[in-house]
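Tertiary structure, described
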Amino acid sequence: ADDGTWIGTSGRARVIVYDPDQLTEDEVPDSVFELTDPRWKGKVGVAPSNASFEAFVTAIRVLEGDDVAREWLDGMAANDVQLFDNNVLILNAAEDGVIALGLINHYYWYEQVAEEGLEAVPARLKFLPDGDPGALVNVAGVGVLTSTDHDDEAVRFAEYLLGENAQTYFAEDTKEYPLIEGIPTAEGLPPLASLQTPEIDLSDLDTLETTLQMIEEAG
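All of the points below concern the structure found in this document.

Reading the values: rules and limits
- Residues numbered from 1 in each chain as written.
- Predicted model: local features only at pLDDT ≥ 70, side-chain atom pairs only at ≥ 80, totals over all residues.
- Heavy atoms only, no water.
- Helix = DSSP H or I, 4+ residues; strand = E, 2+ residues; numbered from the N terminus.
- Contact = heavy atoms within 4.5 Å.
- Salt bridge = Lys/Arg side-chain N within 4 Å of Asp/Glu carboxyl O.
- Buried < 20%, exposed > 50% of the residue type's maximum accessible area, 1.4 Å probe, protein only.
- 1 Å grid on protein atoms, 1.4 Å probe; cavity = no way out; pocket = protein on both sides within 12 Å on 5 of 7 lines; lining within 4 Å.
- Points joined across faces, edges and corners; volume = space filled by probe spheres on them.
- Nonpolar A, V, L, I, M, F, W, Y, C, P; charged D, E, K, R; others polar.

What about the side chain of Q112?
The residue Q112 is located in helix α4 (residues 106-116) in this model. In this structure, Q112 is in contact with L91, N92, E95, G117 and V121, ignoring residues within four places of it in sequence.

Observations concerning the pattern of salt bridges
Inspection of every chain in the model, using the stated rule, returns four salt bridges. Across the pair D30 and K126 runs a salt bridge whose closest N-O atoms are separated by 2.7 Å. Placement of D30 in the loop between β1 (7-18) and β2 (44-46) and of K126 in strand β5 (residues 124-126) is noted, with a sequence separation of 96 residues between them. On the accessibility criterion, D30 (39% relative accessible area) is partly exposed. By relative accessible area, which is 7% here, K126 ends up buried.

A word on empty space enclosed by the protein
Scanning the model with the defined rule gives two cavities of 30 Å³ or more in all. In this structure, the largest cavity occupies an estimated 40 Å³ of space. Within the lining of the largest cavity, the residues separate by chemical class into six nonpolar, two polar and one charged. Taken as a whole, the second largest cavity encloses approximately 30 Å³ of empty space. Every residue along the wall of the second largest cavity is listed here: R14, V15, V32, F56, L103 and G134. Residues that form the lining of the second largest cavity fall into these classes: four nonpolar, one polar and one charged.

Fair warning: the whole summary comes from geometry, so function is off the table for now.
This is how it looks when you write it as structure tokens:
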């Protein structure tokens, strides 16, 4: 954060997971705003109670305004979007052909591939281009409470999360993006600098209550 109150410890890219038996990569939309098209009626999965989806919707609000975000949510609801409790269930639904597309974080797919092998994971991912909100890279972050009585210990823990051991763990085990120089990303993961992410200050994703109200109102 510009004011030094928090720092990112690992990066999570938003992606579209899709069933290649139903779609080629070229047929997958290049923007989340295309998902309200009648072509995708009943074929898209989201997890509205998941923090990563809520941050993504907040990013739409920051980038495009509340009216656009509300219109998108209403359009998705009207297009019979399929609701899931979490990203793993969306990934599984795409693998099983229950949905054609789903909005998830990248590392769920990469973790499964690492555990089971690429041939055992039929779904595929698309990283969206051109700064689309669906290409948001959010972070897990850490900060130190001003009210703490253990300031030194808290700072040391934050420093540990940004050290080589922890960053290597995030890269190799959880398949997230490490956020310090010199730590390679997981095999097969596109370099962070190559992603066409939207220009956004993640500190601006701080109006969650409004986002939650919008999601609820959209049903």
